[in-house]
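For reference, the chains in residue letters:
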Amino acid sequence: MKSSSLGAVRGILTSGAVLIAIVYIILFTIYAIEQPSALSAFSIQALLNNSLPLMLAAAGETFIKTVTYQRCTEAASVEIGEYCSRLCAIENFWGHKEQADLRVRRYAGKNAV
């Protein structure tokens, strides 16, 4: 009986997904100690939505991610794009800035300010 329990535990611990989960929990704990704001609901959701699927994929596992979106008018898209472009420039997120500029060019026919 003891050897079958040991085999089951060994099987769980050698599973890629379990190892990834353990590493993820350890890293998140360290991150939460260094950045207490990491314990906010938004931060936890962002970590789960963005990094967990990548880590599981690296372990050869899968994770179903729910994708949501909102609809807006072209004018609202331009306004949001202009704001995002300026904010991304301040934060040095150049890829995101280019995507915001593309939105402005597409819907307003002009370059972002």
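In this text the structure is predicted, and so the values were computed from the model without any measurement.

Draft legend 1. Up close: the side chain of Glu82. Inspection of the secondary structure assignment puts Glu82 in helix α5 (residues 74–90). When its relative accessible area of 16% is taken as the criterion, Glu82 is described as buried.

Draft legend 2. Looking closely at unusual backbone geometry. Unlike most non-glycine residues, Asn92 shows phi in positive territory, near 60 degrees. Looking at where Asn92 falls in the secondary structure, it is placed in the loop between α5 and α6 (94–108).

Draft legend 3. Layout of the packing of α5 against α6. The contact between α5 and α6 brings their axes to 8 Å, and the two run at 150 degrees. Considering the angle they form, α5 stands roughly antiparallel to α6. Crossing of α5 against α6: the hand is left-handed. Where α5 approaches α6, its residues Glu74, Ser77, Val78, Gly81, Glu82, Cys84, Ser85, Cys88 and Ala89 are matched on the opposing element by Trp94, His96, Lys97, Ala100, Asp101, Arg103, Val104, Tyr107 and Ala108. A per-class count over the contact of α5 with α6 returns nine nonpolar, four polar and five charged.

Draft legend 4. Highlighting a nonpolar patch on the surface. Among the surface-exposed residues, Leu19, Ile22, Val23, Ile26, Leu27 and Ile30 lie close enough to one another that they form a single nonpolar patch of about 510 Å² accessible area. A residue is classified by how much of its surface remains accessible, and Leu19, at 41% relative accessible area, is partly exposed.

Draft legend 5. Representation of the pattern of salt bridges in the model. Per the counting criterion, the structure on display carries two salt bridges. The salt bridge involving Glu98 is made with Arg105; its shortest N-O contact spans 2.6 Å. We classify Arg105 as partly exposed; its relative accessible area is 32%.

Draft legend 6. Expanded view of the layout of surface pockets. Here the largest pocket is characterised by a volume of approximately 300 Å³. Taken together, Gln70, Cys72, Ile80 and Arg103 make up the lining of the largest pocket. Looking at the lining of the largest pocket residue by residue, the class counts come to two nonpolar, one polar and one charged.

Thresholds applied
- Residues numbered from 1 in each chain as written.
- Predicted model: local features only at pLDDT ≥ 70, side-chain atom pairs only at ≥ 80, totals over all residues.
- Heavy atoms only, no water.
- Helix = DSSP H or I, 4+ residues; strand = E, 2+ residues; numbered from the N terminus.
- Buried < 20%, exposed > 50% of the residue type's maximum accessible area, 1.4 Å probe, protein only.
- Axes fitted to C-alpha atoms, helices over the stretch in contact; angles between N-to-C directions.
- Parallel < 35°, antiparallel > 145°, perpendicular 65-115°, else oblique.
- Left-handed = near helix turned anticlockwise from the far one by under 90°.
- Contact = heavy atoms within 4.5 Å.
- Nonpolar A, V, L, I, M, F, W, Y, C, P; charged D, E, K, R; others polar.
- Patch = residues over 30% accessible without salt bridge, like charges linked within 9 Å, V, L, I, M, F, W, Y side chains within 5 Å.
- Areas by Shrake-Rupley, 256 points an atom, 1.4 Å probe, with all protein chains shown as cover.
- Salt bridge = Lys/Arg side-chain N within 4 Å of Asp/Glu carboxyl O.
- 1 Å grid on protein atoms, 1.4 Å probe; cavity = no way out; pocket = protein on both sides within 12 Å on 5 of 7 lines; lining within 4 Å.
- Points joined across faces, edges and corners; volume = space filled by probe spheres on them.

By themselves, these observations are geometric and do not establish any function.
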